[in-house]
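Residue-level structure breakdown
Read off the chains here:
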Amino acid sequence: MPTTIVQPRHMARFACLGPDCPDTCCRDWAVDVDPATVRLWRNHPDAGWRERLAAGLRRLRKPDGSERNLVAMRPDGHCLFYTEDGLCGIQKELGAEAMPWICRVFPRGEQAEHDFLARTGSLACTAVARAVVGEDRSLDESLDGPIGPTLLALQPATTKPAFTAREAWAVRRTALAILGQPTWSWEARLVLTALLAGELATVDLVRGRQGLSSLLDRYAGASREPEPAGVAAELAAGRAQGTALLVPVLKAILEGAREPVPGKIVWAAFVSAALDRLGVTAENLDEAARRVAAVLRDRLDPLYADRPRSFSNLLGALLHQVRFPGERPKDALGRLGQAIVAFATWRILTAARLDAGVADPLEAAAEVAWKLGRHLAHSQKVLDRAIEGLSRAGGLEPARLLLLAA
Ligand code: SF4
């Protein structure tokens, strides 16, 4: 059993909003029912419940011939067991242990090994998104157990080329410390994070873990130094070039709205309203990118000036969401790219909401975050498409990719 739990602060005190949730996760999801729960439902001792539970199972045949069981949804998109008072009927009447495993653990994401468990929270949850955007210290690390700051010292010996859970957490923790560096400009933090991801690719875990340890120590140390001169100015000067990189991202967002995935209707309506506001259509992407760049400057720069931690927290939460740094050191740059494209998507949709004159900018920013988190939980195609387009436009060079986040 894991004895050490490492998690962001917002997860250490997570509480589901229940009936007060403005956008419940009991709607517009493909909720898998795990085999143990399927058995429990099929053999439930109460005949009435057995019948109801059977009606709540939707069986799908996968291309490989195996079976997938999902919770049936009503025509309005809600789970069949969702009750009028905004609660789960199964939990209320049969207890949490009768719920599908995924419903019990959501919004937790976990990676465990031996006596160590690293937990993150999915941005797809309303409460998580609100905490990430609205609470400055929400991503600070929370430790429950005897572990100290030197996570890697407790690493069990291994010669595998892949990161262990503890190492992956240590990498994320270093990246989050850089992104949250309060005395540095946003641009300098982005550059140092990209340099970290780039250098990770040179680490050979088979030859030893010491290289990773010293690399992380070096970057953690660098982030405690004064900001390197000139870095911010250089990235800011290239900002105009970032406009062209918005084109593949806008195209991917437009195409993503047509994806046949759960939540499509909600996501499509949300995205369409935002893109309409920005005047983006498939036919005018180049011109629209210039307009979007101006709206980003006008609407997001003031929000950043007011709430810089909302931005660093959100990019940090997206690093968790895309499982940065990936399985192996060479994956890190690609995962950072995914997080930056997701972040760019959030910026565009948030700017559109702010441009529409919403009453509460932070709540609007959080809403975009959870809608995006929810979409990404079902499909990463919006990221894949944008990355393919960026690759064709030469936009995957770290120095250029960062322009999407600056
Ligand atoms: S989205 Fe989060 S807060 Fe809302 S009902 Fe689901 S778990 Fe609870």
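The rules behind these values
Residues numbered from 1 in each chain as written. Predicted model: local features only at pLDDT ≥ 70, side-chain atom pairs only at ≥ 80, totals over all residues. Heavy atoms only, no water. Domains from an automatic or database assignment. Contact = heavy atoms within 4.5 Å. Buried area = accessible area lost by both parts, 1.4 Å probe. Polar contact = N/O pair within 3.5 Å; in protein donor to acceptor, adjacent residues only side chain to side chain. Helix = DSSP H or I, 4+ residues; strand = E, 2+ residues; numbered from the N terminus. Buried < 20%, exposed > 50% of the residue type's maximum accessible area, 1.4 Å probe, protein only. Lys, Arg positive; Asp, Glu negative; His and termini not counted. Salt bridge = Lys/Arg side-chain N within 4 Å of Asp/Glu carboxyl O. Arc of directions from axis to C-beta. Near = heavy atom within 4 Å. Nonpolar A, V, L, I, M, F, W, Y, C, P; charged D, E, K, R; others polar. Axes fitted to C-alpha atoms, helices over the stretch in contact; angles between N-to-C directions. Parallel < 35°, antiparallel > 145°, perpendicular 65-115°, else oblique. Left-handed = near helix turned anticlockwise from the far one by under 90°. pLDDT = per-residue confidence, 0-100.

A short note on the domain arrangement of the chain
Annotation of the chain at the domain level lists domain 1 (26-105) and domain 2 (238-404). The gap between the C-alpha centroids of domain 1 and domain 2 is 33 Å. Every contact between the two is made by four residues of domain 1 and, on the other side, six residues of domain 2. For the pair domain 1 and domain 2, the summed buried surface comes to about 450 Å²; carbon and sulfur atoms form 67% of the total. Per-residue buried area on domain 1 facing domain 2 is highest for D28, W29 and A30; these three make up 92% of the total on that side. Seen at the junction of domain 1 and domain 2, the total is one residue pair in polar contact (both at pLDDT 80 or more).

A closer look at the side chain of R347
Among the secondary structure elements, R347 is positioned in helix α15 (residues 332-355). Lacking a salt bridge, the buried R347 has D301 as its closest oppositely charged neighbour, with an N-O distance of 5.0 Å. Here the side chain of R347 touches L404 through a polar contact of 2.9 Å, landing on its backbone oxygen.

Concerning helix α2 (residues 35-42)
Those residues of α2 that sit buried are T37, V38 and W41. Around the axis of α2, the buried residues are gathered within 105 degrees of arc, so they sit on the same side. Turned more than 90 degrees away from the buried face of α2 sit P35 and R39, all of them exposed. Those residues of α2 that are buried lie in contact with α3 (47-55), β2 (57-61), β3 (67-71), α4 (89-94) and α5 (101-105).

Here's the deal with the side chain of Q338
Within the secondary structure, Q338 sits in helix α15. Those residues within four positions of Q338 in sequence are excluded, and the remaining contacts are V322, Q380, L383, D384 and I387.

What about the site of the ligand?
If you check the shell around the ligand, you find C16, L17, C21, T24, C25, F106, C125, T126, A127 and R374 and nothing else. Residues that form the shell around the ligand fall into these classes: seven nonpolar, two polar and one charged.

So, the packing of α15 against helix α16 (residues 361-378)
Packed helices, taken two at a time, are described by the angle their axes make and the gap between the axes. Viewed as axis vectors pointing N to C, α15 and α16 meet at an angle of 140 degrees, and their least axial separation amounts to 9 Å. Taken as axis vectors, α15 and α16 run oblique relative to one another. As for the relative orientation of α15 and α16, their crossing is right-handed in sense. Where α15 approaches α16, its residues A342, T345, W346, L349, T350, R353 and L354 are matched on the opposing element by P361, A364, A365, E367, V368, A369, L372 and L376.

Some words on the environment of G395
Mapped onto the secondary structure, G395 falls in the loop between α17 (381-392) and α18 (398-401). According to the relative accessible area criterion, G395 is buried, its value standing at 0%. When the C-alpha positions of G395 and P248 are compared, they lie 9.5 Å apart, and in sequence the two are 147 residues distant. Setting aside anything within four residues of it in sequence, one finds G395 in contact with L245, L390, R400 and L401.

Quick word on the environment of A55
You can see A55 is positioned in helix α3. Distance in space between the C-alpha atoms of A55 and A72 is 7.6 Å, their sequence separation being 17 residues. Residues contacting A55, with those up to four places away along its chain left out, are A72 and L80.

With respect to the confidence of the model for the chain
Confidence in the prediction for the chain averages 91 pLDDT; 95% of positions are at 70 or higher. When the elements of the chain are averaged for pLDDT, helix α10 (residues 231-237) gives the smallest value, 80, and helix α6 (residues 126-134) the largest, 97.

Things to note about the pattern of salt bridges
Inspection of every chain in the model, using the stated rule, returns 23 salt bridges. Linking R299 and D355 is a salt bridge whose minimum nitrogen-to-oxygen distance equals 2.8 Å. Taken together, the residues R299 in helix α13 (residues 285-306) and D355 in helix α15 connect sequence positions 56 residues apart. A relative accessible area of 19% places D355 in the buried class.

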